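# A look at the structure
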Amino acid sequence: MANCDNNPWKKNAWGKTEKKADEPIVSFVDVMSEEYIEGMGNQEKLEEERYMKQLEQMFGDTSTSDEQFTLNTEGMTDEEVALALQRHFDREADVARAVASSSSVHFAPDRYHPKTMQETDSEDEDDDALRQAATDMLYAKLDAENASESRLRPEGPSTSRTKHDTGVSGRRNADKTFNDRNSLPTGDIVGDKINNKVFNKLMAFGKSEAKRQMRHKDKEEKATMDTSVDSDTRLLLLKWINQGVFDSVDGIIATGKESAVLHAAQDSATSYAIKVYKTTLSEFKNRSEYVKDDFRFKNPRGVLKIWAEREFMNLSRMAKHGLPCPQPVKVRRNVLVMSFLGDDGLAAPRLKNVEWEFFTDEERRSVYDQVQTIMCRMYKECLLVHADLSEFNLLLTPDNKVHVIDVSQAMDLSHPRSLQFLTRDIQNVIAFFTKIGVPNLPTYVQLFNLITDLEMVEDHDLLVQVEQFSEENRSADLRHDKSRPADMELKKYNEEKKANRGISPARDYN
Ligand SMILES: Nc1ncnc2c1ncn2[C@@H]1O[C@H](COP(=O)(O)OP(=O)(O)OP(=O)(O)O)[C@@H](O)[C@H]1O
């Protein structure tokens, strides 16, 4: 086979004539022989030695030891010094490269690279010491700047402080407490210290106090609404002013347990009392005795709004029979408008508040007689028992006439306990007039018999007799439905509504 190597037209894959290799051609057998490899190694060693000699000739000593580099800069300009340093740096770099390529020399990175960030215990200690020194310096500076605050610093020149220092944290706590006025009103505590325990307690107290005040505010707002007028009532009153029922509502006459009574005026000639019932259940708890047998009070919340209507209805019944009481004018939801008892916008006093020492015996007796007549007529003509009659619900107008008010709880005689309530009314009245010195008052039994035309005896307790009578003489209607005696009152209530030609007795007025 012809030897193709000598052919000048021989081209490589890119169409170019291949350049003849400078290196001697070595057979594969030679490459694989150990002597050849050894020879190669020796040759490299020789080349390396030769290179090092060259470097020595160029730069002098190229030792890689950690000897300190010294440069005598005497008489040198800055530029010469810089050049010398640059040369030194270059030389070291060359040596490092040469050494790195030699398998017999280990590369020491510390010499050319920044110190590694590996931390040791001793380094930690050093850092702590450094930090402490920096803190000391900072506080020393602060103290120097503000000599007046030096009392915050613990005694002794070598004492160091951190943010956890009691003095520093105490001052910081005091600042925070003082500046955080929203949560805690502290007064002036500038310059004082508060230790952490106290500070934490103060903050916790501040938070709970803020919450408590919010709750308190809520309650206050609700209470204001309860005792005076809520927004719905205000709207209703405004509507009545627009309708010309009255011109203005100009103040509170009284706030009772269950209501607020306001004064309203029209043309400065006519005055009205507006009774706004509270709409919270708590106020009606003490009414349980009136309502415990009454079907309407099974759901007490639903019943709150009927108190105004009930009073309106009772006042209507009484006014119809000409009893001295406020004239009912309007009722809607929990608001009742009635005529005002008094003079010049001044409400008539309750018997409780009358100055009886200015009254003669006859005048006092006259007042008692009026009350007795009211009780009799309420029972006989209106078929009602007041059920809360006392010196608190009887007003004395300037013409010395007694008027009865607050009849929302007044009950029809059909109520299974109406006689018991009448007995209590009698006891209240007799007790009061006895107290103000009215002579020759009847006994409880006498008054009871006078009002009811029943024949109770003096020898026995009136209430015991009344209980017994009620038990034996339930009305025929009630006997039909003993399980729900209050149904009787409902029946009467509905009959009365119908008799008043409307679903509600207030209908004719609204
Ligand atoms: N028509 C009126 N004219 C003048 N003052 C009145 C009138 N109605 C009520 N008042 C005044 O308002 C006060 C409270 O009225 P009323 O007794 O009806 O409300 P109450 O909430 O039932 O009060 P309490 O339960 O404390 O007796 C009365 O004591 C009286 O001074």
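By the naming in an unreviewed UniProt entry, the protein goes by Serine/threonine-protein kinase RIO3 and is assigned to Caenorhabditis briggsae. According to its UniProt record, the protein has this under Cofactor (unreviewed entry): "Mg(2+)". The protein has a UniProt comment under Sequence similarities (unreviewed entry) that states "Belongs to the protein kinase superfamily. RIO-type Ser/Thr kinase family."

A separate point is the pairing of strand β5 (residues 335–339). Burial runs high along β5: four of the five residues are buried. Pairing analysis gives five bridges linking strand β3 (residues 270–277) to β5, with the strands arranged antiparallel. Bridge pairing in β5 places Ala273 opposite Met338. Pairing of strand β4 (residues 328–332) with β5 involves four bridges; the strand directions are antiparallel. Along β5, the bridge assignment pairs Pro328 with Met338.

Our focus in this paragraph is the packing of helix α11 (residues 361–380) against helix α12 (residues 418–435). One way to put it is that α11 packs onto α12 with a least axis distance of 11 Å and a crossing angle of 175°. Looking at the two axes, α11 sits roughly antiparallel to α12. On the side of α11, the interface is formed by Arg364, Val367, Tyr368, Val371, Met375 and Tyr379, while α12 contributes Leu419, Leu422, Asp425, Ile426, Val429, Ile430 and Phe433. Its residues assigned to classes, the contact of α11 with α12 comprises eleven nonpolar, no polar and two charged.

The subject of this paragraph is the layout of surface pockets. Taken as a whole, the largest pocket holds about 820 Å³ of empty space. What lines the largest pocket is a set of 31 residues, among which Arg350, Phe392, Asn393, Ile405 and Asp406 lie closest to the centre. Mapped onto the lining of the largest pocket, the elements with two or more residues apiece are β1 (248–255), β2 (259–266), β3 and β5. Looking at the lining of the largest pocket element by element, the count peaks at three residues for β1. For the lining of the largest pocket, the residue count by class is 14 nonpolar, nine polar and eight charged.

All right, on to the site of the ligand then. In the neighbourhood of the ligand, 18 residues make up the surrounding shell, with Ser259, Lys275, Ser339, Leu341 and Asp406 lying closest. Leu341 places a polar main-chain atom, nitrogen or oxygen, 2.9 Å from a nitrogen atom of the ligand. Within the side chain of Asp406, an N or O atom sits 2.8 Å from an oxygen atom of the ligand. The fraction of the free accessible surface of the ligand (610 Å²) that becomes covered by protein chains is 93%. Among the cavities detected, the one that contains the ligand is the largest pocket. Elements represented by at least two residues in the shell around the ligand include exactly β2, β3 and β5. Counted by class, the shell around the ligand contains nine nonpolar, four polar and five charged residues.

This brings us to the environment of Pro349. The topology assignment puts Pro349 in the loop between β7 (346–347) and α11. The class of Pro349 is partly exposed, set by a relative accessible area of 34%. In sequence terms Pro349 and Leu395 are 46 residues apart; their C-alpha atoms lie 5.5 Å from each other. Setting aside chain neighbours within four positions, we find Pro349 in contact with Val354, Leu394, Leu395 and Leu396.

Take the environment of Ser339 next. Relative to the helices and strands, Ser339 resides in strand β5. Sequence separation between Ser339 and Tyr272 is 67 residues, and the spatial gap between their C-alpha atoms is 4.6 Å. For Ser339, the contacting residues outside a window of four places in its chain are Ser271, Tyr272, Ala273, Pro326, Gln327 and Val329. At a separation of 2.8 Å, a polar atom in the side chain of Ser339 contacts the main-chain amide nitrogen of Gln327.

Pairing of side chains with opposite charge becomes possible as their charged atoms draw close. According to the stated counting rule, one finds seven salt bridges in the structure shown. Taking the shortest distance from any N to any O, the salt bridge between Arg365 and Asp369 comes out at 3.3 Å. Taken together, the residues span about one helical turn, with Arg365 and Asp369 both in helix α11 at a distance of four residues. By relative accessible area, Arg365 is classed as partly exposed at 24%. With its nearest N and O atoms 3.6 Å apart, the salt bridge here joins Lys380 to Asp453. Taken as a pair, Lys380 in helix α11 and Asp453 in the loop between α13 (444–452) and α14 (462–472) lie far apart in primary sequence, 73 residues in all. A relative accessible area of 40% places Lys380 in the partly exposed class. Assessed through its relative accessible area of 56%, Asp453 is described here as exposed. In this structure, a network of salt bridges that share partners links the residues Lys275, Glu311 and Asp406.

About the criteria used
- Residues numbered from 1 in each chain as written.
- Predicted model: local features only at pLDDT ≥ 70, side-chain atom pairs only at ≥ 80, totals over all residues.
- Heavy atoms only, no water.
- UniProt positions renumbered as here; feature names shortened; annotations may be inferred.
- Buried < 20%, exposed > 50% of the residue type's maximum accessible area, 1.4 Å probe, protein only.
- Helix = DSSP H or I, 4+ residues; strand = E, 2+ residues; numbered from the N terminus.
- Pairing = 2+ DSSP bridges.
- Axes fitted to C-alpha atoms, helices over the stretch in contact; angles between N-to-C directions.
- Parallel < 35°, antiparallel > 145°, perpendicular 65-115°, else oblique.
- Contact = heavy atoms within 4.5 Å.
- Nonpolar A, V, L, I, M, F, W, Y, C, P; charged D, E, K, R; others polar.
- 1 Å grid on protein atoms, 1.4 Å probe; cavity = no way out; pocket = protein on both sides within 12 Å on 5 of 7 lines; lining within 4 Å.
- Points joined across faces, edges and corners; volume = space filled by probe spheres on them.
- Near = heavy atom within 4 Å.
- Polar contact = N/O pair within 3.5 Å; in protein donor to acceptor, adjacent residues only side chain to side chain.
- Areas by Shrake-Rupley, 256 points an atom, 1.4 Å probe, with all protein chains shown as cover.
- Sits in = over half its atoms within 2 Å of the grid points.
- Salt bridge = Lys/Arg side-chain N within 4 Å of Asp/Glu carboxyl O.

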